[in-house]
Amino acid sequence: MTYRLLYLSLRGRGEPIRWILKALELEYEEESIDLFSEWPSRKEDFEWQQTPVLEVDGERLGQTTVICRFLGEKHKLAVEDPWTATRQQEAVEYLHDVSGMAASAFYFRLMQDDTAKEFYMKKLRERLPVVVKNIEGRVTDEAGWILSPEMTWVDLFVACCLDQYEAMVEGLLDEAPKLQELLARVRCLYPIQTWIEERPPPHKFEDPEDL
């Protein structure tokens, strides 16, 4: 099975997919499409006119959480019980929802519209602690993973998102010790640690400085 990831020159919605591919030590190619110089002319090349897209043996699959769940289930990094899997993805979707607020804040910063940027950052700062608190409640006391005795794709997804949001919202995990530990454990996985050290710096569009 061959994998090829097509995404913009960002971390954003593509980063959780990368973390899962890395953690599974799967070989894959990636095509990085520059957000400003390439994407406007490439958009029509994509069926849904969105990225990320994962090519699986030449067939295309879209939507970040769909791709991540596919990889987890295909490569035995998922729970088997449908109810538990769905409750895990419920947490993932609530966390993923806030990416729209972050993207809007980045966009309006680019447009030099400080009022709109602050509006979306305020929404992000209000919403993220609610989501973090609820996910914290789903981390098991025994194993320290989300609704599972073993690490799943959900833990990697959540850790990746927290890795990004922690730089945007000061003190995000101060009252979430279980998620602090989960994030630290995932960051210490050799393939993830190596990727964090080697990955490109944030694109200027999503640099968390001055938010």
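Residues numbered from 1 in each chain as written. Predicted model: local features only at pLDDT ≥ 70, side-chain atom pairs only at ≥ 80, totals over all residues. Heavy atoms only, no water.

- With an unreviewed UniProt entry as reference, the chain is termed glutathione transferase, source organism Eriocheir sinensis.
- Turning to the chain, the UniProt record has this under Sequence similarities (unreviewed entry): "Belongs to the GST superfamily. Sigma family." (UniProt positions renumbered as here; feature names shortened; annotations may be inferred.)

### Re empty space enclosed by the protein
Empty space among the atoms becomes apparent when a probe as large as a water molecule is rolled across them.
Logical step 1: Counted by the stated rule, this structure contains 1 cavity of 30 Å³ or more.
Logical step 2: Approximately 30 Å³ is the volume attributed to the largest cavity.
Logical step 3: Lining the largest cavity, in full, are R69, E73, A78, V79, A85, Q88 and W153.
Logical step 4: Among the elements of the structure, helix 3 (64-74) and helix 4 (82-97) are those that each provide at least two residues to the lining of the largest cavity.
Logical step 5: Residue composition of the lining of the largest cavity, by class: 4 nonpolar, 1 polar and 2 charged. (1 Å grid on protein atoms, 1.4 Å probe; cavity = no way out; pocket = protein on both sides within 12 Å on 5 of 7 lines; lining within 4 Å. Points joined across faces, edges and corners; volume = space filled by probe spheres on them. Helix = DSSP H or I, 4+ residues; strand = E, 2+ residues; numbered from the N terminus. Nonpolar A, V, L, I, M, F, W, Y, C, P; charged D, E, K, R; others polar.)

### Some words on the nonpolar core
Logical step 1: If you look at the biggest cluster of nonpolar residues, it comprises 62 residues, and the most contacted ones within it are L124, Y165, M168 and L179.
Logical step 2: Sorting elements by how many residues they give to this core places helix 7 (residues 153-165) first, with 10 residues.
Logical step 3: For L179, the residues in contact, after removing those within four places along its chain, are V132, I135, E136, V139, V158, L162 and L173. (Core = buried A, V, L, I, M, F, W, Y, C linked by side-chain atoms within 4.5 Å. Buried < 20%, exposed > 50% of the residue type's maximum accessible area, 1.4 Å probe, protein only. Contact = heavy atoms within 4.5 Å.)

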